[in-house]
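Given next are the chains, with one letter for each unit.
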Amino acid sequence: MKRVDITYYGHACFMLDADGYRIVIDPYKDGMVDGLPNLSLEAETVFASHGHADHNYCQAVTVRETDRPAPYTLESIEASHDDQGGKLRGKNTVRIFDFDGLKVAHLGDLGHLPEGELLKKLRGVDCLLIPTGGTYTIDHVQAKQAVDLVQPKVVVPMHYRT
């Protein structure tokens, strides 16, 4: 199992670093999230969970060239940004990064409790990056319910104060 360093930049933006190979997830646009500084990051890869500017500002990340293969496998699972199948806010992509047996899941702007195939794939991940803010995502009560269902080893709340 590899070591993965996780850095939280605020809102839903994280950097995962496995032996110097960096992944940025959900970088936010300058000035988009009150109280957070502008981002200027470097990584080998950048991902956005969906098309809103507080999650998809990939211009904030300088992508570094590398010959190294990615030290992870990735599973991307379509989910909804709301509890009405995406009718209100569209789709959201949940990503599960597997670093040689160490699994980190980023839920993006998940707007409903995980169920079915999504829950099956999330169960037992090592680290769950989960929104807790309500309004645009699940709230803290639903986040606790999701944690109880998924049973990760580590939980990192995100997307709060919104």
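1. Topic: the sheet that holds strand β3 (residues 21-25)
Part 1: With mixed pairing, four strands are arranged side by side in an open sheet as β1-β2-β3-β5. Of all the strands in the sheet, just β1 (5-10) and β5 (45-47) have a single pairing partner and so form its edges. Taken over all neighbouring pairs, the strand axes of this sheet differ in orientation by 20 degrees on average, direction set aside.
Part 2: Relative to β5, β3 runs parallel, the two being bridged by three bridges. Looking across to β5, one finds that I25 is bridged to F47.

2. A few points about the packing of aromatic side chains
Between two aromatic rings, the relevant description is the distance of the centres plus the angle of the planes.
Part 1: As enumerated under the stated definition, the model contains seven aromatic pairs in all.
Part 2: Aromatic pair F47 and F97: ring centres 5.6 Å apart, planes at 65 degrees, arrangement edge-to-face. With F47 in strand β5 and F97 in strand β8 (residues 91-99), this pair connects stretches of sequence that are 50 residues apart. Exposure class is identical for F47 and F97. Each is buried.
Part 3: Considering the side-chain rings of Y72 and F97, the 5.5 Å spacing of their centres and the 70 degrees angle between planes classify their relative orientation as edge-to-face. Highlighted residues: Y72 in the loop between β6 (61-63) and β7 (73-80) and F97 in strand β8, separated in sequence by 25 residues. In terms of burial, Y72 and F97 fall into one category: buried.

3. With respect to the nonpolar core
Part 1: Core analysis: the largest hydrophobic core is formed by 18 residues, its most contacted members being V94, L107, L118, L122, L128 and I130.
Part 2: Breaking this core down by element, the ones donating at least two residues are β7, β8, α1 (116-122), β10 (127-131) and α2 (140-150).
Part 3: Top element by residues in this core is α2. It accounts for four residues.
Part 4: Each residue touching L128, except ones within four places of it in the same chain, is listed here: A105, L107, L122, V147, V150, P152, V154, V155 and V156.

4. Details of the pattern of salt bridges
Pairs can form between side chains of opposite charge whenever their charged atoms are close.
Part 1: According to the stated counting rule, one finds nine salt bridges in the structure shown.
Part 2: Taken together, the shared-partner salt bridges connect E42, E44 and R64 into one network.

5. A few points about the sheet that holds strand β9 (residues 102-106)
Part 1: As summarised here, the arrangement of the five strands in space is β7-β8-β9-β10-β11, forming an open sheet in which the pairing is mixed. The sheet terminates laterally at β7 and β11 (154-158), the two strands that pair on one side only. Each strand axis lies, on average, 15 degrees off the axis of its neighbour in the sheet, ignoring direction.
Part 2: Examined bridge by bridge, β7 and β8 share eight bridges and lie antiparallel to one another. Bridge pairing in β8 links A79 to N92.
Part 3: Of the strands in this sheet, β10 and β11 touch α2, which is tilted by about 155 degrees from β10.

Reading guide: rules and limits
Residues numbered from 1 in each chain as written. Predicted model: local features only at pLDDT ≥ 70, side-chain atom pairs only at ≥ 80, totals over all residues. Heavy atoms only, no water. Pairing = 2+ DSSP bridges. Helix = DSSP H or I, 4+ residues; strand = E, 2+ residues; numbered from the N terminus. Axes fitted to C-alpha atoms, helices over the stretch in contact; angles between N-to-C directions. Phe/Tyr/Trp six-rings, centres within 6.5 Å; stacked < 30°, edge-to-face > 60°. Buried < 20%, exposed > 50% of the residue type's maximum accessible area, 1.4 Å probe, protein only. Core = buried A, V, L, I, M, F, W, Y, C linked by side-chain atoms within 4.5 Å. Contact = heavy atoms within 4.5 Å. Salt bridge = Lys/Arg side-chain N within 4 Å of Asp/Glu carboxyl O.

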